[in-house]
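The lines below spell out each chain.
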Amino acid sequence: MEIRIRNLSKDYFPEGRKIAALDQVDLNIPANRIFTLLGPSGCGKTTLLRCIVGLETPDKGEIAIGEEIVFSREKNIYVPPEKRGLGMVFQTYAIWPHMNVFDNVAYPLQARKLPKKEIVDKVAKALRFVQLEGFEKRPATKLSGGQQQRVALVRALVAEPKVILFDEPLSNLDAKLREETRKELRSFLSRLSITAVYVTHDQIEALSLSDTVAVMKNGRIVEMGTPWDIYFNSDQRFVADFIGRANIIEGKVKSAGEDFTLIDSAIGPIACQVKNEALPGKVVSVCIRPEFIRLLAGGQGEGQNIFRGHVESLVFVGDIYEGEIRIKDTSLSFQLEPTTKVKEGDEINLYFDPAHCSILFN
Ligand code: ADP
Ligand code: MG
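Chemist: Please explain the nonpolar core as it appears in this structure.
Modeler: Grouped together as the largest cluster of nonpolar side chains are 36 residues, with contacts concentrated most on Val105, Val123, Leu153, Ile164, Phe166 and Leu189. Going through the elements one at a time, α2 (101–111), α3 (116–129), α4 (145–157), β8 (163–167), α5 (175–192) and β9 (195–200) are the ones with two or more residues in this core. Looking at which element gives the most residues to this core, the answer is α4, with six residues. The next biggest cluster of nonpolar side chains, apart from the first, holds 28 residues, and it includes Leu8, Leu22, Val70 and Phe71.

Here it is, written out as structure tokens:
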């Protein structure tokens with residue numbers, strides 16, 4: 001079920017101060033895909049989710065779920081949450097500690113007064129789906145964090161909603177469990193073919209889980225695309241900086257050729273493969289990610305996008321060395337294979353692949 005959001009705004013006035021939590025949001029959330037809202041804390045993600053669910057009333061705009069308008073300020077439409085056909089999983093799992101697994105999962109069906117037999121069947125099927133069959137009688141408090149999260153998930157799914165929404169559902173799990181649950185969730189949601197709206201401030205979660213990512217900043221959607229596009233092709237500084245590790249180097253367009261745009265910067269000219277219009281003289285910055293800075297063997301000296309620098313630090317983190325290199329007065333992050341012979345204090349030559357030097361505006 002597609003969700004269409006038009007011109008949605010919501011202001012808060014804490015202590016008389018105005019905060020535009022949502023600022024004219026226009027958004028189409030595609031049907032039967034995993035869609036993620038990604039952005040720093042306070043950018044409006046939860047507010048947008050609560051508006052979709054109906055727990056918050058926007059000041060302006062319209063929300064449609066499938067063919068049905070569920071909110072419109074102009075048309076004076078407000079469909080209450082329980083009539084919107086949605087399931088929601090919160091950051092705190094909100095499963096009931098005094099109930100066992102069966103009762104937790106059965107609750108939404110009992111609230112709808114379904115026949116007992118049907119409830120038992122549906123709960124059994126749902127629990128099988130998340131590999132919790134046999135746990136029906138287990139008190140909720142006697143489950144691990146990951147199991148509790150799965151109970152919260154099936155409880156949101158058992159009533160077969162058209163759309164399921166998640167607000168940072170993994171943020172209370174430890175790193176390892178978070179990774180496992182993330183993978184489970186991905187395969188689980190893909191099998192269901194349901195519209196999933198997922199909110200997170202964690203870029204790894206967003207990239208690895210989603211079909212589409214929308215990046216939010218200050219109540220606005222600033223970019224939307226596939227995880228790949230968002231990571232590699234953004235021309236916005238905020239997005240490049242927020243997603244992954246990025247070196248951002250200030251500069252000015254020197255010349256714009258057919259194959260390359262040359263940017264004058266503090267470390268020297270940087271050739272960037274042309275992806276966007278950049279006229280000579282324009283102030284821009286260049287983004288190069290650490291994984292695209294390549295170490296050159298001793299003999300390879302000068303040339304386009306080759307820079308000489310001083311290794312300031314080098315830290316072994318398991319699969320790679322993460323380092324800082326100073327080129328003139330600019331420090332950049334880079335990384336090296338664990339087999340490297342390079343040491344802190346060395347002078348080395350590095351190559352920036354122009355295909356991965358992107359020009360950022362604003
Ligand atoms: P996120 O989920 O991205 O962290 P929120 O949607 O929770 O962001 O909040 C967006 C902004 O609105 C923040 O500045 C937050 O402090 C403010 N805000 C959210 N809810 C309220 C509220 N009930 N009253 C006042 N301010 C709020
Ligand atoms: Mg939030």
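Chemist: What is the right way to look at the layout of surface pockets in this model?
Modeler: Rolling a probe over the atoms, with the probe sized like a water molecule, indicates the empty space that remains. Its volume calculated, the largest pocket comes out at about 710 Å³. If you list the elements that add at least two residues to the lining of the largest pocket, you get β7 (86–89), α2 and α4. In terms of residue count, the dominant contributor to the lining of the largest pocket is β7 (four residues). Estimated volume of the second largest pocket: approximately 320 Å³.

Chemist: Would you explain α4 in this entry?
Modeler: Two residues of an α-helix separated by three or four positions point the same way, owing to the 3.6 residues in each turn. Between its first and last C-alpha, α4 extends 19 Å over 13 residues, near the 18 Å set by a 1.5 Å rise per residue. Buried within α4 we find Gly146, Gln147, Gln148, Gln149, Arg150, Val151, Ala152, Leu153, Val154, Arg155, Ala156 and Leu157. Of the surrounding elements, those touching the buried residues of α4 are β7, α2, α3, β8 and α5.

Chemist: Honestly, the state of the cysteines in this entry has me stumped. Any pointers?
Modeler: Here is the idea: a disulfide is a covalent bond, and it sits between the sulfur atoms of two cysteines. In the structure shown here, the tally under the stated rule is zero disulfides. Looking at Cys43, it has no disulfide partner, and the nearest cysteine sulfur is the one in Cys51, 13 Å off. Take Cys43: its relative accessible area is 2%, and that puts it in the buried class. Looking at Cys357, it has no disulfide partner, and the nearest cysteine sulfur is the one in Cys272, 5.0 Å off. For Cys357, a relative accessible area of 0% translates into the label buried.

Chemist: Would you mind showing me how to read the pairing of strand β20 (residues 347–352) here?
Modeler: Looking along a regular strand, one sees the side chains alternate between the two faces of the sheet. As judged from the four bridges shared by strand β16 (residues 293–296) and β20, these two strands associate in the antiparallel manner. Within β20, the position partnered with Arg294 by the bridge is Tyr351. Bridge count between strand β17 (residues 306–316) and β20: five bridges; the pairing is antiparallel. Its bridge partner being in β20, Phe307 is matched across the sheet by Leu350.

Chemist: Looking at this structure, how should I read the domain arrangement of the protein?
Modeler: Once the domains are mapped, the protein shows domain 1 (3–237) and domain 2 (245–360). One C-alpha centre belongs to domain 1, the other to domain 2, and the line joining them spans 39 Å. Between domain 1 and domain 2, the contact holds seven residues from the first and 11 residues from the second. Where domain 1 abuts domain 2, roughly 760 Å² becomes buried across the two surfaces, and 43% of that area is made up of carbon and sulfur atoms. Counting every contact that joins domain 1 to domain 2 gives one salt bridge. One salt bridge in this structure joins Glu250 and Arg237, with 3.0 Å as the shortest N-O distance. Joining domain 1 to domain 2, the criterion identifies three residue pairs in polar contact (both at pLDDT 80 or more). Residues that form the side of domain 1 that touches domain 2 fall into these classes: two nonpolar, three polar and two charged.

Chemist: When you look at the sheet that holds β20 in this model, what are you seeing that I'm missing?
Modeler: Strands in a sheet are paired, the pairing made by backbone hydrogen bonds, and the direction either parallel or antiparallel. If you trace the five strands from one edge of the open sheet to the other, you get β16-β20-β17-β18-β19, paired in antiparallel fashion. The sheet terminates laterally at β16 and β19 (330–336), the two strands that pair on one side only. When strand polarity is set aside, the average angle formed by the axes of neighbouring strands in this sheet is 45 degrees.

Chemist: What should I look at first to understand the sheet that holds strand β5 (residues 68–72) in this one?
Modeler: With respect to topology, five strands assemble into an open sheet ordered β2-β1-β4-β5-β6, the strand pairing being antiparallel. This sheet does not close on itself; its edge strands, each paired only once, are β2 (19–29) and β6 (77–78). In this structure, β5 lies alongside β6, joined through two bridges in antiparallel fashion. When the bridges of β6 are listed, Ser72 appears paired with Ile77.

Chemist: Hey, could you run me through the side chain of Ser358 in this one?
Modeler: In this structure, Ser358 sits in strand β21 (residues 358–360). The class for Ser358 is buried, based on a relative accessible area of 10%. Here Ser358 is in contact with Lys275, Ser285, Val286 and Cys287, once residues within four sequence places are set aside.

Analysis parameters
Residues numbered from 1 in each chain as written. Chains lettered and ligands numbered in written order. Predicted model: local features only at pLDDT ≥ 70, side-chain atom pairs only at ≥ 80, totals over all residues. Heavy atoms only, no water. Core = buried A, V, L, I, M, F, W, Y, C linked by side-chain atoms within 4.5 Å. Buried < 20%, exposed > 50% of the residue type's maximum accessible area, 1.4 Å probe, protein only. Helix = DSSP H or I, 4+ residues; strand = E, 2+ residues; numbered from the N terminus. 1 Å grid on protein atoms, 1.4 Å probe; cavity = no way out; pocket = protein on both sides within 12 Å on 5 of 7 lines; lining within 4 Å. Points joined across faces, edges and corners; volume = space filled by probe spheres on them. Expected span 1.5 Å × (residues − 1). Contact = heavy atoms within 4.5 Å. Disulfide = S-S within 2.5 Å. Pairing = 2+ DSSP bridges. Domains from an automatic or database assignment. Buried area = accessible area lost by both parts, 1.4 Å probe. Salt bridge = Lys/Arg side-chain N within 4 Å of Asp/Glu carboxyl O. Polar contact = N/O pair within 3.5 Å; in protein donor to acceptor, adjacent residues only side chain to side chain. Nonpolar A, V, L, I, M, F, W, Y, C, P; charged D, E, K, R; others polar. Axes fitted to C-alpha atoms, helices over the stretch in contact; angles between N-to-C directions.

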